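# Structural overview
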Amino acid sequence: MKRLAKWRHLLLFSLLTLILSACGKPYLSALQPSGEVAQDQYDLMVLSTSIMVGVIAVVAVIFIIVLVRFRRKDEKIPKQVEGSHALEIIWTVIPILLVLVLAVPTVMATFKFADVSAMDKKNADGKTDALVVNVRANLYWWEFEYPNEEIITSQDLVVPTGEKVYFNLIASDVKHSFWIPAVGGKMDTNTENVNKFWLEFDEEKSDSDEVNNVFYGKCAELCGPSHALMDFKVKAISRADFDQWVSDMQSVKEPKKATSDLASQGQEIFNQSCIGCHAVTPDNTTPEAARQAPNLTNFGEREKIAGVLDHTEQDLKNWLSDPEKYKPGNKMSGTYGELTPDQLDALTEYLMGLKVQGK
């Protein structure tokens with residue numbers, strides 16, 4: 001009965017593995033690739049898994065055949081096969097071939113993913129023809145600078161589909177790791193050096209109903225108490241829509257004026273308590289050391305608040321009232337006094353009105 005119970009447990013875990021393997025969402029799962037890099041990496045996973053399963057299956061079959069067919073029936077000593085050159089060649093050559101089958105495409109993919117030469121090719125204007133994004137990781141938020149376009153945003157990375165997007169990765173405080181699971185593997189963001197790589201966002205999969213042009217990004221390196229909450233979103237849109245977004249961002253030269261009395265009160269509060277850390281213009285000429293908190297130029301159009309909360313007025317008020325409750329260890333907590341309900345209403349009205357599109 002104990003042996004039967006073990007087999008039941010094994011069967012149960014096998015069924016759970018099969019069922020849970022289909023639980024990934026296309027905007028978050030590495031098993032549902034949505035770009036060239038992700039697809040190549042997925043193919044390598046399938047290849048390596050197939051080799052592993054194949055080896056296990058062959059060994060299991062040989063074991064069963066030997067167990068059944070060559071079971072000892074008497075006291076005679078079986079025929080000895082030590083020193084068989086044929087067998088030794090077979091079990092030496094087969095593993096070498098399997099390693100080669102896996103190594104060749106892996107090495108080719110590694111060099112392909114490492115090719116960022118387009119980042120060094122400058123045009124007549126001294127800029128790159130390729131789209132480059134400088135990613136700066138902070139506790140616990142993300143900054144995205146577009147050096148060619150001379151704009152900065154935070155928390156929502158905006159990219160065009162159907163083309164390579166190149167990234168410079170660095171961290172301001174501790175090591176983090178930049179990861180968009182559905183689009184490609186992770187890459188560390190270090191404080192002492194810049195890592196570079198590229199991703200491509202599939203147009204058809206980005207436009208699907210399940211993705212709806214928004215992929216989820218994560219920090220994949222344990223960096224502190226809110227590591228699991230250091231999320232960002234990726235808006236993958238057409239090249240035409242991306243160019244329009246860039247143009248709209250570039251058109252913002254001054255902080256947006258409040259459009260109501262309540263928003264004006266909120267802007268006054270913001271200028272007194274928040275402007276020292278949060279910028280509300282996308283100008284990238286501000287020194288990095290002065291960019292202490294997320295850029296809020298288009299905060300009203302973001303997918304999430306603080307990367308994890310729903311983008312609603314109530315959630316914004318909850319965040320402003322007690323950021324430590326939602327992201328322990330964040331650097332915003334304790335930097336301003338307690339806000340009254342009226343101040344929360346005014347500040348929320350102002351921040352939700354910070355938009356560059358759909359004004």
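Residues numbered from 1 in each chain as written. Predicted model: local features only at pLDDT ≥ 70, side-chain atom pairs only at ≥ 80, totals over all residues. Heavy atoms only, no water.

The name given to the protein chain in an unreviewed UniProt entry is Cytochrome c oxidase subunit 2, and the organism recorded there is Cytobacillus citreus. For the record of the protein chain, the UniProt heading Function (unreviewed entry) holds the text "Subunits I and II form the functional core of the enzyme complex. Electrons originating in cytochrome c are transferred via heme a and Cu(A) to the binuclear center formed by heme a3 and Cu(B)." Here is the UniProt Sequence similarities (unreviewed entry) comment for the protein chain, exactly as written: "Belongs to the cytochrome c oxidase subunit 2 family." (UniProt positions renumbered as here; feature names shortened; annotations may be inferred.)

Secondary structure assignment for the protein chain yields 9 helices and 12 strands. Taken over C-alpha atoms, the radius of gyration comes to 27 Å for the protein chain, far larger than the 21 Å a tight globule of 359 residues would show. The C-alpha extent of the protein chain, read off along each of the three principal axes, is 100 × 60 × 40 Å. In the protein chain, the share of contacts with a sequence separation of at least 24, taken over all contacts with a separation of at least 6, comes to 65%. (Helix = DSSP H or I, 4+ residues; strand = E, 2+ residues; numbered from the N terminus. Rg over C-alpha atoms; globule rule 2.2 N^0.38 Å. Contact = heavy atoms within 4.5 Å.)

For the rest of this paragraph, the subject is the pairing of strand β1 (residues 131-138). With respect to burial, β1 is a largely interior element, 7 of its 8 residues being buried. With 7 bridges connecting them, β1 and strand β5 (residues 164-171) associate as parallel partners. The partner of Leu131 across the bridge, within β5, is Val165. Two strands pair when backbone bridges link them, and β1 and strand β2 (residues 141-146) are joined in this way by 5 bridges, in the antiparallel orientation. Looking at β2, one finds that Val135 is bridged to Phe144. (Buried < 20%, exposed > 50% of the residue type's maximum accessible area, 1.4 Å probe, protein only. Pairing = 2+ DSSP bridges.)

One can read the domain layout of the protein chain as domain 1 (24-60 + 87-119 + 127-238) and domain 2 (261-352). For domain 1 and domain 2, the distance between their C-alpha centres works out to 30 Å. For the pair domain 1 and domain 2, the two sides together bury roughly 2000 Å², of which 51% comes from carbon and sulfur. By the criterion of area lost to domain 2, the three top residues of domain 1 are Trp141, Ile152 and Leu229, representing 25% of everything that side buries. Remark: the boundary between domain 1 and domain 2 carries 3 salt bridges. A salt bridge links Arg291 to Glu143; the shortest N-O distance between them is 2.9 Å. The interface formed by domain 1 and domain 2 holds 13 residue pairs in polar contact (both at pLDDT 80 or more) in total. (Domains from an automatic or database assignment. Buried area = accessible area lost by both parts, 1.4 Å probe. Salt bridge = Lys/Arg side-chain N within 4 Å of Asp/Glu carboxyl O. Polar contact = N/O pair within 3.5 Å; in protein donor to acceptor, adjacent residues only side chain to side chain.)

On to the packing of aromatic side chains, then. Per the stated rule, a full pass over the model turns up 14 aromatic pairs. An aromatic cluster is defined as three or more aromatic residues linked by ring pairs; in this entry it consists of Trp142, Phe144, Phe167, Phe178, Phe197 and Phe232. For the cation-ring pair, Lys164 lies above Trp198, with the distance from its terminal atom to the ring centre recorded as 4.2 Å. Between Lys233 and the ring centre of Tyr216, over which it is positioned, the NZ or CZ distance is 4.5 Å. (Phe/Tyr/Trp six-rings, centres within 6.5 Å; stacked < 30°, edge-to-face > 60°. Lys NZ or Arg CZ within 6 Å of the ring centre and 35° of its normal.)

Mapped onto the present numbering, the UniProt feature "transmembrane region" (unreviewed entry) falls at residues 48-68 and 89-111. The distance separating the terminal C-alpha atoms of residues 48-68 is 30 Å; by composition the span is 100% helix and 0% strand. Between the end C-alpha atoms of residues 89-111 the distance is 32 Å, and the span holds 100% helix and 0% strand.

Among the nonpolar cores identified, the biggest contains 50 residues, and Tyr146, Leu157, Phe167, Phe178, Ile180 and Phe201 are the most heavily contacted of them. What Tyr146 contacts, discounting residues up to four positions off in sequence, is Leu131, Val132, Val133, Ile151, Thr153, Leu157, Val158, Phe242, Trp245 and Asn284. In this structure, Ile305, Trp319, Leu347 and Leu351 belong to the second largest nonpolar core, which totals 20 residues. (Core = buried A, V, L, I, M, F, W, Y, C linked by side-chain atoms within 4.5 Å.)

What follows covers the pairing of strand β6 (residues 176-180). Burial analysis of β6 places 4 of its 5 residues in the buried class, which makes it a mostly covered element. Pairing geometry for β6 and strand β7 (residues 184-189), over 4 bridges, is antiparallel. Residue Phe178 lies in a different strand from β7, and its bridge partner there is Met187. Hairpin connection between β6 and β7: a loop of 3 residues separates the two successive antiparallel strands. Inspection of the sheet shows β6 paired to strand β9 (residues 214-219) by 2 bridges, in the antiparallel sense. The partner of Trp179 across the bridge, within β9, is Lys218.

The next subject is the sheet that holds β5. By definition, the strands of a sheet pair up through backbone hydrogen bonds, in either a parallel or an antiparallel sense. Pairing is mixed in the open sheet, where 5 strands are placed in the order β3-β2-β1-β5-β8. Either end of the sheet is taken by a strand with one partner, and the two such strands are β3 (151-154) and β8 (195-200). Recorded for the sheet is a direction-independent mean angle of 25° between the axes of neighbouring strands. Of the pairings in the sheet, the one linking β2 to β3 comprises 4 bridges and is antiparallel in character. (Axes fitted to C-alpha atoms, helices over the stretch in contact; angles between N-to-C directions.)

Another aspect to go through is the confidence of the model for the protein chain. Taken residue by residue, the protein chain gives an average pLDDT of 91. The fraction at 70 or more is 94%. Between the elements of the protein chain, mean pLDDT differs from a low of 65, seen in helix α1 (residues 2-20), to a high of 98, seen in strand β4 (residues 156-160). (pLDDT = per-residue confidence, 0-100.)

Turning next to empty space enclosed by the protein. The final tally for this structure, using the stated rule, is 1 cavity of 30 Å³ or more. Of the voids in this model, the largest cavity is the one considered here, and its volume is about 40 Å³. Together, Ile269, Ser273, Cys274, Leu320, Met332, Tyr336, Leu339 and Leu347 line the largest cavity. Grouping the constituent residues of the lining of the largest cavity by class yields 7 nonpolar, 1 polar and no charged. (1 Å grid on protein atoms, 1.4 Å probe; cavity = no way out; pocket = protein on both sides within 12 Å on 5 of 7 lines; lining within 4 Å. Points joined across faces, edges and corners; volume = space filled by probe spheres on them. Nonpolar A, V, L, I, M, F, W, Y, C, P; charged D, E, K, R; others polar.)

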